[in-house]
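Fold and geometry: a report
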Amino acid sequence: MSDWLPLSPAERSVAIEVLVNGPLSRTGLARRLNLSQGSLTRLTKPLIESGLLVEAPWAGSSAETRQGRPSQPLDVVAESRCFLGFKVTDEMVYGVVTTLRSDIVARLDRPLVSHDPEQVADLLAGMAAELAARHPAVAGIGIGVGGFVREHAVVGESPYLRWRDVPLADLVRRRTGLPVVVENDVAALVEAETWFGAGRGLDRFVVLTIGAGIGYGLVLGGRRVPYAEEDRGFGRHWIIDPQGPLTPQGERGSAVSLLTIPSMRYQIRAATGRDASYEEILADAAAGEPMAARVIGEAGRALGVLLAHIANFVMPQKVLLAGEGVGLMEVAGDTVRDTLRGHRHPLAAPIDLETKVSDFHDWARGAAVLAIEVLVLGGNGG
């Protein structure tokens with residue numbers, strides 16, 4: 001893999017364009033990147049020689065093929081390298097194997113029985129070895145963690161794992177011998193959706209995740225915007241309703257207090273004495289049970305307000321709503337949409353809102369995409 005690096009910014013632009021949109025003819029690629037044929041030839045030559053790009057046969061007619069070598073499309077061999085992606089939660093580790101184009105070809109999950117960093121690294125290394133035994137062309141590992149991550153290597157703070165300053169990349173690298181990239185899990189998901197998912201080809205794109213916490217990712221100019229407060233709990237200070245509920249996890253009426261699964265369960269338990277799962281709360285609300293309907297209704301209105309704020313200030317082309325809490329839309333979707341419209345100008349264009357019912361393997365895939373970007377293309381993950 002190291003023979004692909006380092007890539008210049010111009011070479012990286014070419015490689016990403018082919019990786020995300022290929023196969024592409026040289027003419028089409030030059031047009032997309034506003035390059036002359038001479039400049040494109042200069043940029044693609046080392047990428048072809050290193051094996052990152054290949055000249056692919058035309059899938060079209062023989063007439064197209066006879067146009068000669070300059071029209072021969074460029075592509076990547078997606079199966080030439082595999083990448084491992086892991087999503088670490090407080091209870092489980094979810095693992096995937098992806099191709100160079102982030103297609104998932106295998107999955108492996110294991111319970112997390114300890115939060116001790118050395119034992120977590122042992123588990124990750126064991127899972128990596130098990131996956132690599134079946135997919136030997138592994139080029140690198142990406143790990144997504146709920147928390148603040150520094151320099152793709154150190155988990156500075158993770159409330160879910162109760163970690164501070166854990167050098168996770170180094171711990172796993174020493175056990176596996178493979179290059180490792182660690183990143184905030186929401187940031188990794190945003191990268192994957194920007195490259196290969198709902199945000200592909202968009203200039204302004206937002207990812208909002210609801211579940212155990214609130215996650216937010218902004219893409220401008222086709223690139224994720226990193227920020228210092230990433231996953232440091234800013235959602236608990238994002239006040240939606242100053243008179244709203246107060247929970248141990250957030251300020252009164254904050255996005256965290258109103259929208260996260262632990263907060264909803266806390267409200268039901270405090271009011272009824274019953275410990276209900278999120279699925280049970282949704283079902284009870286749909287059936288008209290008063291307390292559940294109140295909690296889910298407040299959550300729906302909070303989500304509508306939050307989406308309206310995002311739309312009014314960011315003006316995104318699309319908002320992707322993801323995470324394990326998106327079942328809220330099935331029960332309170334009308335409330336969300338009505339509230340959203342009520343908090344925008346009457347003539348404002350409707351938001352392109354896409355809801356993705358995803359599991360943690362999508363988050364693990366996001367970590368693999370970060371590994372592809374950083375390890376293969378020499379990017380900075382944002």
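First, a word on scope: everything that follows refers to the structure included in this document.

Below, the discussion takes up the packing of aromatic side chains. Taken as a whole and assessed by the stated rule, the structure comprises 3 aromatic pairs. Centre to centre, the rings of Tyr-216 and Trp-238 are 6.0 Å apart; their planes meet at 90°, and the pair counts as edge-to-face. Here Tyr-216, found in strand E12 (residues 214–220), pairs with Trp-238, found in the loop between strand E13 (223–224) and helix H8 (255–259); they are 22 residues apart in sequence, far enough to count as distant.

On to helix H5 (residues 117–134). In a regular helix each residue adds 1.5 Å, so 18 residues correspond to 26 Å; H5 covers 26 Å between its end C-alpha atoms and thus fits that length. Along H5, the residues classified as buried are Val-120, Ala-121, Leu-124, Ala-125, Met-127, Ala-128 and Leu-131. An end-on view of H5 places all buried positions within 165° of arc, on one side of the element. Here the buried face of H5 lies against strand E3 (82–88), strand E4 (92–98), strand E5 (104–111), strand E6 (138–145), strand E9 (163–166) and helix H6 (168–176).

Counting residues in each nonpolar core, the largest one holds 41 residues, and the members touching the most others are Leu-208, Leu-259, Leu-303 and Leu-328. Of all the elements in the fold, those that place two or more residues in this core are strand E11 (204–210), E12, H8, helix H9 (261–272), helix H10 (278–286), helix H11 (290–314), strand E14 (318–322) and helix H12 (328–342). For this core, the element with the highest residue contribution is H11, accounting for 13 residues. Discounting chain neighbours no more than four positions away, the residues touching Leu-259 are Ile-210, Ile-214, Met-264, Ala-299, Ala-302, Leu-303, Leu-306 and Leu-328. Ranked by size, the runner-up nonpolar core spans 33 residues in total, among them Val-18, Leu-74, Val-76 and Ala-188.

What follows concerns the packing of helix H1 (residues 9–21) against helix H3 (residues 37–50). Helices that pack against each other are described as a pair by the angle of their axes relative to one another and the distance between those axes. Viewed as axis vectors pointing N to C, H1 and H3 meet at an angle of 75°, and their least axial separation amounts to 10 Å. Of the possible angle classes, the one that applies to H1 and H3 is roughly perpendicular. When H1 is examined against H3, the residues Ala-10, Glu-11, Val-14 and Ala-15 are found in contact with a partner set consisting of Leu-40, Leu-43, Thr-44, Pro-46 and Leu-47. Here the contact of H1 with H3 is composed, by residue class, of 7 nonpolar, 1 polar and 1 charged.

Glancing now at the pairing of E4. Along E4, 6 of the 7 residues are buried, which leaves the element largely enclosed by surrounding structure. Note: E3 against E4, 6 bridges, orientation antiparallel. The residue bridging Phe-86 from the neighbouring strand is Gly-95, located in E4. Sheet topology note: the E4/E5 ladder contains 7 bridges and is antiparallel. From the neighbouring strand, Val-93 faces E5, where its bridge partner is Arg-110.

Here the focus is the side chain of Thr-44. Among the structural elements, Thr-44 can be located in helix H3. Thr-44 gets classed as buried once you look at its relative accessible area, which sits at 3%. With sequence-adjacent residues up to four places away left out, Thr-44 is seen in contact with Val-14 and Leu-74.

As a further point, take the pairing of E6. Burial of E6 is extensive: 8 of the 8 residues sit out of reach of the surface. As paired strands, E3 and E6 are joined by 7 bridges and run parallel to one another. Its bridge partner being in E6, Gly-85 is matched across the sheet by Gly-142. Here E6 pairs with strand E10 (residues 180–184) via 5 bridges, running parallel. When the sheet's bridge partners are listed, Gly-144 is paired in E10 with Glu-183.

In this structure, Ala-292 sits in helix H11. Each C-alpha atom, one on Ala-292 and one on Ala-276, is 9.9 Å from the other, the two residues being 16 residues apart in sequence. Apart from the residues lying within four places of it in its own chain, the contact partners of Ala-292 are Ile-268, Ile-281, Asp-284 and Ala-285.

On to the pattern of salt bridges. Under the counting rule described, the total for this entry stands at 23 salt bridges. For the salt bridge of Arg-12 with Glu-373, the shortest nitrogen-to-oxygen distance reads 2.8 Å. Note that Arg-12 is positioned in helix H1 and Glu-373 in helix H13 (residues 360–376), a separation of 361 residues in sequence. Residue classification places Arg-12 among the buried residues on the basis of a relative accessible area of 11%. Judged by relative accessible area, which is 2%, Glu-373 ranks as buried. Between Glu-55 and Arg-26 there is a salt bridge, with its nearest N and O atoms 2.7 Å apart. Residue Glu-55 is located in strand E1 (residues 54–55), and its partner Arg-26 is located in helix H2 (residues 26–33); the two are separated by 29 residues in the primary sequence. Sharing partners across several salt bridges, the network here consists of Glu-118, Asp-122 and Arg-175.

In any sheet, the strands associate via hydrogen bonds between backbone groups, in a parallel or an antiparallel arrangement. The sheet built from 3 strands is open, its strands ordered E7-E8-E9 with antiparallel pairing. Edge positions in the sheet fall to strand E7 (148–150) and E9, since each of these pairs with one other strand and no more. Neighbouring strand axes in the sheet, compared pairwise and without regard to direction, differ in orientation by 15° on average. Looking at chain direction, E7 and strand E8 (residues 154–158) are connected through 3 bridges and run antiparallel.

Calculation rules
- Residues numbered from 1 in each chain as written.
- Predicted model: local features only at pLDDT ≥ 70, side-chain atom pairs only at ≥ 80, totals over all residues.
- Heavy atoms only, no water.
- Phe/Tyr/Trp six-rings, centres within 6.5 Å; stacked < 30°, edge-to-face > 60°.
- Helix = DSSP H or I, 4+ residues; strand = E, 2+ residues; numbered from the N terminus.
- Expected span 1.5 Å × (residues − 1).
- Buried < 20%, exposed > 50% of the residue type's maximum accessible area, 1.4 Å probe, protein only.
- Arc of directions from axis to C-beta.
- Contact = heavy atoms within 4.5 Å.
- Core = buried A, V, L, I, M, F, W, Y, C linked by side-chain atoms within 4.5 Å.
- Axes fitted to C-alpha atoms, helices over the stretch in contact; angles between N-to-C directions.
- Parallel < 35°, antiparallel > 145°, perpendicular 65-115°, else oblique.
- Nonpolar A, V, L, I, M, F, W, Y, C, P; charged D, E, K, R; others polar.
- Pairing = 2+ DSSP bridges.
- Salt bridge = Lys/Arg side-chain N within 4 Å of Asp/Glu carboxyl O.

These values are about where atoms sit, not about what they do.
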